[in-house]
Amino acid sequence: MNHNANDPMHGMTLENILIELEDRYGWDGLAERIDINCFKKNPSIKSSLKFLRRTPWARAKVEALFLDMKRGPWGGR
């Protein structure tokens with residue numbers, strides 16, 4: 001049995017996760033959900049990736065939000 005098919009994180013890069021979250025919530029929505037400056041002040045994928053790659057606690061919050069989004073009532077989109 002292949003359990004990876006049921007794992008929403010399988011095969012996802014941090015960049016892909018961030019793009020999906022930004023598409024869903026926008027930068028303002030991300031800043032409301034996760035209180036970090038890279039979502040508040042001149043946000044971009046590039047600057048957010050740089051911060052999240054060197055800040056494990058913030059990355060964990062982003063990954064948790066992504067999982068909540070995927071497991072939500074509509075299972076994604």
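Residues numbered from 1 in each chain as written. Predicted model: local features only at pLDDT ≥ 70, side-chain atom pairs only at ≥ 80, totals over all residues. Heavy atoms only, no water.

The protein chain appears in an unreviewed UniProt entry as VF530 family DNA-binding protein from Litoribrevibacter euphylliae.

**Q** Help me understand the side chain of Ser48 in this model?
**A** Turning to its location among the elements, Ser48 is positioned in helix H2 (residues 45–53). Apart from residues no more than four positions distant in its own chain, Ser48 is found in contact with Leu18, Trp27, Cys38 and Phe39. (Helix = DSSP H or I, 4+ residues; strand = E, 2+ residues; numbered from the N terminus. Contact = heavy atoms within 4.5 Å.)

**Q** Would you mind showing me how to read unusual backbone geometry here?
**A** Most peptide bonds take the trans configuration, and most residues that are not glycine carry a negative phi. Phi is positive for Asn42, which is not a glycine, with a value near 50°. Tracing the chain through its elements places Asn42 in the loop between helix H1 (14–33) and H2. By relative accessible area, which is 72% here, Asn42 ends up exposed. (Buried < 20%, exposed > 50% of the residue type's maximum accessible area, 1.4 Å probe, protein only.)

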